[in-house]
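Listed here are the chains, written in short residue letters.
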Amino acid sequence: MSDSSILAIDFGTTNSYFCKCPADQISPVGVDFGSGRDGIPTAILYRQNKKPLVGNPALHEYGESSNEERKDYRLCTQFKPDITTSEDAAKNAEDFLRTVVEQSQRQHIVLEPARSEVIIGVPSEAEKSFRAKLTEIAEAAGYGRVKLLDEPKGALLSHLWHKDFSPDEALRGVLIVDFGGGTCDFAFLRSLEECLSWGDMELGGRLFDDLFFQWLLEQNAGAMKKIEKAGDTYYVHSYLCREVKEFFSLTMVRDRSESVNKSVGQYGSVRDMSWTTFIQKARAYNPSRVFAGYLQGVGLESDRLLGKNDPIDLIEWFRTSLTQGLADKNIDTGDISRVILAGGSSQWPFVSDVISESLGLDASKLMRSDRPYAVISEGLAIFSPLQKKFEKTRSRLRTELPEFCRAKVRSLVHRTTDAYVVDVATDIILELFDKRIRPVLLEYKTTGGSLAELKKSVSSKAKSFEPELKKIVESRMETLSMGLSEQVRDVLTRWIESHGLSIGDAQINQGRRISIGGDAIGSELPDLYGGIMDAVGWFVVGTATSIGAILCGGAGTAILISGPIGLIGGAVLALVIAYLTVRQGKEKAAKLAENWDAPAWVIKRALTNSKIHKARQVFRSQLEERLRQETLILQDEFEARIRKITELQIEGLSEITQL
Ligand SMILES: Nc1ncnc2c1ncn2[C@@H]1O[C@H](COP(=O)(O)OP(=O)(O)OP(=O)(O)O)[C@@H](O)[C@H]1O
Ligand SMILES: [Mg+2]
């Protein structure tokens, strides 16, 4: 196994599809085995003394051979559903897979399972034993250790990749109906991780092949004898009658009022096939002796098909498979935003009728791709490269996150809190210094007085300002909270997008719990936007509280007294001491200075306008400095919180939203 390429296989009952994809690129290419379109019939023709043939060459060779030649031939088809119950079927599957590779080599088709990462699809309701058997078969056929993936996931991925619906719809809920040749598989997917699946390993297109086989026998007396004589039973049943069925079904899609004929090789024809007759037959189906014999031969134990019970209503069987599954899995039909029709049998017109009716869903919500047969293998092929690419990007995001937070988030928070600090300081200067302190200083200049008195009245002005201070701090919080959450989210989104990922709207809503049948099973992913809002809210409140505390808890007064008033006081004191020294001597002067009732002319000389202006500036810068210090501690914690929610968000990014 190498990592350089992927080989995905949708191994079907009727047809198998191989799709190649480079491991590091999302560019799947279906393998054309020479028929001009993807895929190969799941058929193997064993020939005496010759290598077996697979696919169209096998069917063709058998179809064209004479009765004599057929004695040396054994054609095997539709063995896939029976690999766990029948050793023959398992052997056919192994030989088929091996021969596909050998035959391709002869056709110069590069198919190198041994050198690729091989992924094989399985119906999602396949049991452990089926999975184990298939793994064993593939390994024995030379495919190495294969990885099994649920087929519906393939269909979903491929449709998403083709942008047939939005990732948002995929997250809301998509029902995939894969009605194939041997099985009928339902899967309800909401994100790639959450997959509820159910189905029926017995309900498949081959029952309808059998219906047309019986229709043929009914209208052509003696045909059975002829077929048996030619040893052609298997071929007529599983191939020619299937062609009749598909022809009829396609005609009915166009116009259900038509009535058509189709010949079946040399054995006659089915005539006057109409929708009404078909429905009558489909509502009262009994397996033919031939088909029942085959099923018993491969070891199928089915009460329904082999119990010789009442006739089976095939349409109802399909309906109950669908509705019973929805009920069992507690899926509310309202949670289904899209239905993908996969598998050949879902082309039956009754399929979309039943689905629309049962789900109450408009037919426009049912979709079938332009290449329905290719979707599963294509989706399986891109699954792994997509995951790898996605994982790489995620790990890069994880590595870059700390640096991103330091460089981008921090500088953003810095800028925003700085603006907040400046705003708060400006308000305080205007309201406290200019409106309250300055008049005190000016009055001091005209009346004179002691420095101690001045300090007292400044302090009391500051104290009475407390309630207003709180208001300033709080009203300015808005500046902080308004811009910050938007901006943090913007830089985060831009950063994630620069890595080719996106946090879509769906992601933002992820935190919302989604309920199925009343059980809350929504993902626990934190919602990025909400997370940022929370962190910002916490930060803003924290900032306001701690700023409020230093300003109103007395420290504000302290800043005022030690800073600007200290500056003014220093100037006053110097003059007063000089004046007193002359009269009282140096020592006494120093003692008296603080409480000396200075005359106005002394104060006037010390308290110049430029001193007051200087004091204002000092107050401002000291105030800003303290406020900044206070927010710095909170910024670290804020950054840590943002990092944490971003980390969770990166973990929670889903492949789906990236398609
Ligand atoms: N137009 C049609 N109408 C009805 N049935 C169709 C039509 N075209 C193909 N089918 C049937 O679809 C079946 C094949 O579908 P598909 O290739 O999806 O099955 P598969 O993958 O081989 O089988 P499975 O998934 O069950 O193992 C066959 O039974 C085929 O006859
Ligand atoms: Mg299939």
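Residues numbered from 1 in each chain as written. Chains lettered and ligands numbered in written order. Predicted model: local features only at pLDDT ≥ 70, side-chain atom pairs only at ≥ 80, totals over all residues. Heavy atoms only, no water.

(A) Examining the overall build of the chain more closely. Along its length, the chain carries 25 helices and 18 strands. Against the globule reference of 26 Å for 659 residues, the chain gives a C-alpha radius of gyration of 41 Å, more extended than a compact globule. Expressed as lengths along the three principal axes of its C-alpha atoms, the size of the chain is roughly 145 × 50 × 35 Å. Counting only residues that meet the buried cut, the chain has 53% of its 659 residues in that class. When the accessible surface of the chain is totalled, it reaches about 29000 Å², and 50% of it is carbon and sulfur. (Helix = DSSP H or I, 4+ residues; strand = E, 2+ residues; numbered from the N terminus. Rg over C-alpha atoms; globule rule 2.2 N^0.38 Å. Buried < 20%, exposed > 50% of the residue type's maximum accessible area, 1.4 Å probe, protein only. Areas by Shrake-Rupley, 256 points an atom, 1.4 Å probe, with all protein chains shown as cover.)

(B) View of the site of ligand 1. Lining the immediate surroundings of ligand 1 are 20 residues, of which Thr 13, Thr 14, Lys 245, Glu 246 and Ser 249 lie closest. In the model, an oxygen atom of ligand 1 is placed 2.5 Å from a nitrogen or oxygen of the Thr 13 side chain. One of the side-chain nitrogen or oxygen atoms of Ser 249 is found 2.6 Å away from a nitrogen atom of ligand 1. Contact with the protein chains covers 94% of the free accessible surface of ligand 1, which is 640 Å². With five residues, helix H9 (residues 233–254) is the single largest residue contributor to the shell around ligand 1. (Near = heavy atom within 4 Å. Polar contact = N/O pair within 3.5 Å; in protein donor to acceptor, adjacent residues only side chain to side chain.)

(C) Representation of the nonpolar core within the structure. Of all hydrophobic cores here, the largest spans 72 residues; its most connected members are Ile 428, Leu 441, Leu 551, Phe 619 and Phe 638. When residues in this core are grouped by element, the largest group, 20 residues, is from helix H15 (residues 375–447). Other than its neighbours up to four places away in sequence, Phe 619 contacts Ile 428, Ile 429, Leu 432, Phe 433, Ile 559, Leu 560 and Pro 564. Core analysis: the second largest hydrophobic core is formed by 71 residues, Leu 240, Trp 275, Leu 306 and Leu 341 among them. (Core = buried A, V, L, I, M, F, W, Y, C linked by side-chain atoms within 4.5 Å. Contact = heavy atoms within 4.5 Å.)

(D) View of the domain arrangement of the chain. Each domain of the chain was delimited in the assignment, giving domain 1 (5–145), domain 2 (203–299) and domain 3 (386–658). One C-alpha centre belongs to domain 2, the other to domain 3; they are set 84 Å apart. (Domains from an automatic or database assignment.)

(E) Examining the sheet that holds strand E16 (residues 366–367) more closely. The five strands lie next to each other as E12-E11-E10-E15-E16, forming an open sheet whose pairing is mixed. Each having just a single partner strand, strand E12 (194–200) and E16 make up the two edges of the open sheet. Summarising the sheet, strand E15 (residues 338–342) and E16 pair through two bridges and their orientation is parallel. The residue bridging Ile 340 from the neighbouring strand is Met 367, located in E16. Its contacts with the sheet put helix H13 (residues 314–328) on strand E10 (174–179), strand E11 (184–190) and E12, and the angle it makes with E12 is roughly 150 degrees. (Pairing = 2+ DSSP bridges. Axes fitted to C-alpha atoms, helices over the stretch in contact; angles between N-to-C directions.)

(F) Region of the structure containing the packing of helix H3 (residues 87–106) against helix H4 (residues 128–143). Look at H3 against H4: their axes get within 8 Å of each other, and the N-to-C directions meet at 40 degrees. One element, H3, and the other, H4, form an angle in the oblique class. Handedness of the crossing formed by H3 with H4: right-handed. For the pair H3 and H4, the contacting residues are Glu 87, Ala 90, Ala 93, Glu 94, Leu 97, Arg 98, Val 100 and Val 101 in the first and Lys 133, Ile 137, Ala 138, Ala 140, Ala 141 and Tyr 143 in the second. (Parallel < 35°, antiparallel > 145°, perpendicular 65-115°, else oblique. Left-handed = near helix turned anticlockwise from the far one by under 90°.)

(G) Representation of the environment of Leu 216 in the model. Positionally, Leu 216 belongs in helix H7 (residues 205–219). Residues Leu 216 and Ala 138 lie 78 residues apart in sequence; the distance between their C-alpha atoms is 37 Å. Filtering out sequence-adjacent residues up to four positions away, Leu 216 remains in contact with Ile 227, Val 236, Cys 241, Val 264, Tyr 267, Gly 268, Ser 269 and Val 270.

(H) Region of interest: the packing of aromatic side chains. Following the criterion strictly, the structure yields 32 aromatic pairs and no others. Between Phe 208 and Trp 348, the aromatic rings sit 5.4 Å apart at their centres with planes inclined by 45 degrees, giving tilted as the arrangement. Here Trp 348 lies in the loop between E15 and helix H14 (349–359) and Phe 208 lies in helix H7, a separation of 140 residues in the sequence. The ring centre of Trp 317 lies 4.0 Å from the NZ or CZ of Arg 304, which sits over that ring. Over the ring of Trp 538 we find Arg 641; its NZ or CZ atom is 3.9 Å from the centre of that ring. (Phe/Tyr/Trp six-rings, centres within 6.5 Å; stacked < 30°, edge-to-face > 60°. Lys NZ or Arg CZ within 6 Å of the ring centre and 35° of its normal.)

(I) Local environment of the pairing of strand E14 (residues 269–274). Bridge count between strand E13 (residues 259–263) and E14: four bridges; the pairing is antiparallel. Within the sheet, the bridge partner assigned to Ser 263 lies in E14 and is Ser 269. Connecting the antiparallel pair E13 and E14 is a turn made up of five residues, with Gly 265 showing a positive phi of about 50 degrees.

(J) Just unusual backbone geometry, in detail. For Asn 49, which is not a glycine, the phi torsion comes out positive at approximately 60 degrees. Among the structural elements, Asn 49 can be located in the loop between strand E5 (43–47) and strand E6 (50–54).

(K) The arrangement of the pattern of salt bridges in detail. A complete count under the given rule lists 41 salt bridges for this structure. Ionic pairing is found between Asp 82 and Arg 206, a salt bridge with its closest N-O pair at 3.3 Å. Placement of Asp 82 in the loop between strand E7 (73–77) and H3 and of Arg 206 in helix H7 is noted, with a sequence separation of 124 residues between them. As a salt-bridge pair, Arg 319 and Glu 357 come within 3.2 Å of each other at their nearest N and O atoms. One end of the pair, Arg 319, is in helix H13; the other, Glu 357, is in helix H14, with 38 residues separating them in the sequence. Here the residues in one salt-bridge network are Arg 283, Asp 313, Glu 316, Arg 319 and Glu 357, joined through shared partners. (Salt bridge = Lys/Arg side-chain N within 4 Å of Asp/Glu carboxyl O.)

(L) Up close: the sheet that holds E7. Ordered by their spatial adjacency, three strands build an open sheet running E6-E5-E7, and the pairing between neighbours is antiparallel. Of all strands in the sheet, those with a lone pairing partner are E6 and E7, marking the two edges. Taking each pair of neighbouring strands and ignoring which way they run, the sheet shows an average axis angle of 15 degrees. As paired elements, E5 and E6 share three bridges and run antiparallel to each other. Following the sheet pairing, Ile 44 is matched in E6 by Val 54. Lying on the sheet, helix H1 (residues 55–64) is in contact with E5, E6 and E7; it crosses E5 at an angle near 55 degrees.

(M) Representation of the confidence of the model for the chain. Scored by pLDDT, the chain comes out at a mean of 87, with 94% of its residues at no less than 70. Of all the helices and strands in the chain, strand E17 (residues 515–516) carries the lowest mean pLDDT, 28, while helix H10 (residues 275–283) carries the highest, 98. With pLDDT under 50 throughout, residues 506–525 is counted as low confidence; its partners more than four residues away or in other chains account for 42 contacts. (pLDDT = per-residue confidence, 0-100.)

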